[in-house]
Amino acid sequence: TQTVSQSDAHVTVFEGDSVELRCNYSYGGSIYLSWYIQHHGRGLQFLLKYYSGNPVVQGVNGFEAEFSKSDSSFHLRKASVHWSDSAVYFCAVSTSSGQKLVFGQGTILKVYL
Amino acid sequence: GGIITQTPKFLIGQEGQKLTLKCQQNFNHDTMYWYRQDSGKGLRLIYYSITENDLQKGDLSEGYDASREKKSSFSLTVTSAQKNEMAVFLCASSITPSSNERLFFGHGTKLSVL
């Protein structure tokens, strides 16, 4: 069974700062990794996903994530955050053998003006 | 584009009550899901359905029933609400059951049990 861990429950930055939200997973086989964003009172929205190929994947609104097999990680980054990026971010994993998406606990990102 | 509509947005129930949450999607997606979201615990899969009249249990199915009578709708029943229970239930859909498909989510139903 795959697991996913987001080590930071809260991250606080100022507008214009760069940010990295961490995600680590455990699974020995082929894995799909994705990030979702949830604004307050809304459902989750897909940001990006990785399965194979270039380990750096680009998503919407300037987000990117980098896969590292050696670190078992899929951290999300943004070079310059906007106040509207304040939300909860979820990392999720699924497997090629068909196991459904398993979500991390989420990281609350607060961006101050 | 499509939309996933969850009703009601807020649901207040009594301990022991049977409560039903509804979800409609107009994406024409095959697969639909119900997740439970508790503060600080991420999302946990309750039930999913890969096509009309199909039901598959997730990790948290005990205490819940589900029904997929039409391709566009997927309902979830809390069989006996627990006192002081508070959670958000999220419905989602995907084009196929494939594990690499992205999910589209509704805005959620917030449940409070008195």
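Along every chain, residues carry numbers that run from 1 in the direction the sequence is written. Here the convention is simple: chains get letters from A, ligands get numbers from 1, in the order in which they are written. It should be noted that, the model being predicted, local features are given only for residues of pLDDT at least 70 and side-chain atom pairs only at 80 or more, the latter also being counted only at that level, while totals for whole chains, interfaces and linings use all residues. For the side-chain quantities, the full set of heavy atoms in the structure was used; hydrogens and water were omitted.

How do you make sense of the overall build of chain A when you look at a structure like this?
Strands here mean DSSP runs of E at least two residues long; helices mean DSSP runs of H or I at least four residues long; both are numbered from the N terminus. For chain A, the count of helices and strands is zero helices and 12 strands. A compact globule built from 113 residues would reach a C-alpha radius of gyration of about 13 Å, and chain A, at 13 Å, matches this within 12%. With the C-alpha coordinates of chain A rotated into their principal frame, the extents come out at 45 × 30 × 20 Å. For the exposure calls, accessible area comes from a 1.4 Å probe over protein chains only, and a residue counts as buried if that area is under 20% of its type's maximum, exposed if over 50%, partly exposed in between. For chain A, with 113 residues in total, the buried portion stands at 46%. Just to be clear, the radius of gyration here is over C-alpha atoms, and the globule rule we use is 2.2 Å times residues to the power 0.38.

How do you make sense of the side chain of Ser75 of chain B when you look at a structure like this?
Residue and element names in this part refer to chain B. Relative to the assigned elements, Ser75 resides in strand β8 (residues 73-78). The buried category is assigned to Ser75, whose relative accessible area is 16%. Discounting chain neighbours no more than four positions away, the residues touching Ser75 are Thr20, Leu21, Lys22, Trp34, Asp65, Ala66 and Ser67. In this analysis, two residues are considered to be in contact whenever any of their non-hydrogen atoms come within 4.5 Å of each other.

What is the right way to look at the interface of chain A and chain B in this model?
Often the size quoted for an interface is simply the accessible area lost on bringing the parts together. Taken residue by residue, the interface counts 20 residues in chain A and 18 residues in chain B. Of the roughly 1,600 Å² buried where chain A meets chain B, counting both sides, 55% is carbon and sulfur surface. Any carboxyl oxygen of Asp or Glu that lies within 4 Å of a side-chain nitrogen of Lys or Arg is treated as forming a salt bridge with it. The tally of links between chain A and chain B comes to zero salt bridges. We define a polar contact as two N or O atoms separated by no more than 3.5 Å, with the added condition that, inside protein, one atom must be a possible hydrogen donor and the other a possible acceptor, whereas residues neighbouring each other in sequence contribute only through side-chain atom pairs. The interface formed by chain A and chain B includes three residue pairs in polar contact (both at pLDDT 80 or more). Those elements that provide at least two residues to the side of chain A that touches chain B are β5 (31-38), β6 (44-50) and β10 (87-95) of chain A. In the scheme used here, Gly and all other residues not listed as nonpolar or charged are polar, with Ala, Val, Leu, Ile, Met, Phe, Trp, Tyr, Cys and Pro taken as nonpolar and Asp, Glu, Lys and Arg as charged. For the side of chain A that touches chain B, the residue count by class is seven nonpolar, 10 polar and three charged. Here's the idea: put two parts together, see how much 1.4 Å probe accessible area each one loses, and the total over both is what we call buried area.

Please explain the packing of aromatic side chains as it appears in this structure.
The description of an aromatic ring pair rests on the distance of the ring centres and on the angle between the ring planes. Working definition: rings of Phe, Tyr and Trp (its six-membered ring) pair if their centres are within 6.5 Å, and the pair is stacked with planes under 30 degrees apart, edge-to-face with planes over 60 apart, and tilted otherwise. Summed over all chains, the structure comprises 17 aromatic pairs over all chains. With 5.9 Å between their ring centres and 80 degrees between their planes, Tyr36 of chain A and Phe105 of chain B make a pair best called edge-to-face. Here Tyr36 of chain A is found in strand β5, whereas its partner Phe105 of chain B is found in strand β10 (residues 104-105) on a different chain. Both residues of the pair, Tyr36 of chain A and Phe105 of chain B, count as buried. Between Phe63 of chain A and Tyr89 of chain A the ring centres are 5.6 Å apart and the planes differ by 50 degrees, which places this aromatic pair in the tilted class. Taken together, the residues span a long stretch of sequence, with Phe63 of chain A in the loop between β7 (56-58) and β8 (64-68) and Tyr89 of chain A in strand β10 at a distance of 26 residues. The exposure class of Phe63 of chain A is buried, given its relative accessible area of 2%. Put simply, the rings of Tyr36, Phe46, Phe90 and Phe103 of chain A together with Tyr33, Tyr35, Tyr48 and Phe105 of chain B touch in pairs and so form one group of aromatic residues.

Honestly, the state of the cysteines in this entry has me stumped. Any pointers?
By definition, a disulfide links two cysteine residues through a covalent bond between their sulfur atoms. Residue and element names in this part refer to chain B. Only a pair of cysteine sulfur atoms within 2.5 Å counts as a disulfide in this structure description. Applying the stated criterion across every chain, the model contains two disulfides over all chains. The residue that forms a disulfide with Cys23 is Cys91, at a sulfur-sulfur distance of 1.9 Å. On the sign convention where negative is left-handed, the bridge of Cys23 and Cys91, at about -75 degrees about the S-S bond, is left-handed. Here the residue Cys23 occupies a position in strand β3 (residues 19-25), and Cys91 occupies one in strand β9 (residues 86-94), the gap between them amounting to 68 residues. We note that Cys23, like Cys91, is buried.

Got a minute to help me understand the sheet that holds strand β7 (residues 64-70) of chain B in this structure?
Hydrogen bonds between backbone groups are what pair the strands of a sheet, and the pairing can be parallel or antiparallel. Residues and elements named next belong to chain B. Here we have four strands laid out as an open sheet, ordered β1-β3-β8-β7, and antiparallel in their pairing. Both outer strands of the open sheet, β1 (4-7) and β7, are each paired with one neighbouring strand and no more. The average undirected angle you get between the axes of adjacent strands in this sheet is 15 degrees. Relative to β8, β3 is paired through four bridges, and the arrangement is antiparallel. Following DSSP output, two strands are said to pair if at least two bridges run between them. Comment: axis = line fitted to C-alpha atoms, over the contacting stretch for helices; angle = value between 0 and 180 degrees taken between N-to-C directions.

So what exactly am I meant to see when it comes to the pairing of β5 of chain A here?
All names here are of chain A. For β5, the buried fraction is high: eight of the eight residues fall into the buried class. The side-chain alternation of β5 yields two buried faces, one formed by Ile31, Leu33, Trp35 and Ile37 and the other by Tyr32, Ser34, Tyr36 and Gln38. As judged from the eight bridges shared by β5 and β10, these two strands associate in the antiparallel manner. Looking across to β10, one finds that Ile37 is bridged to Tyr89. Pairing geometry for β5 and β6, over six bridges, is antiparallel. Considered in β6, the bridge of Leu33 is made with Tyr50. Turn length for the β5-β6 hairpin, with the two strands adjacent in sequence and antiparallel, is five residues, and the turn residue Gly41 shows positive phi of about 75 degrees.

Worth remembering: the numbers are spatial, not functional.
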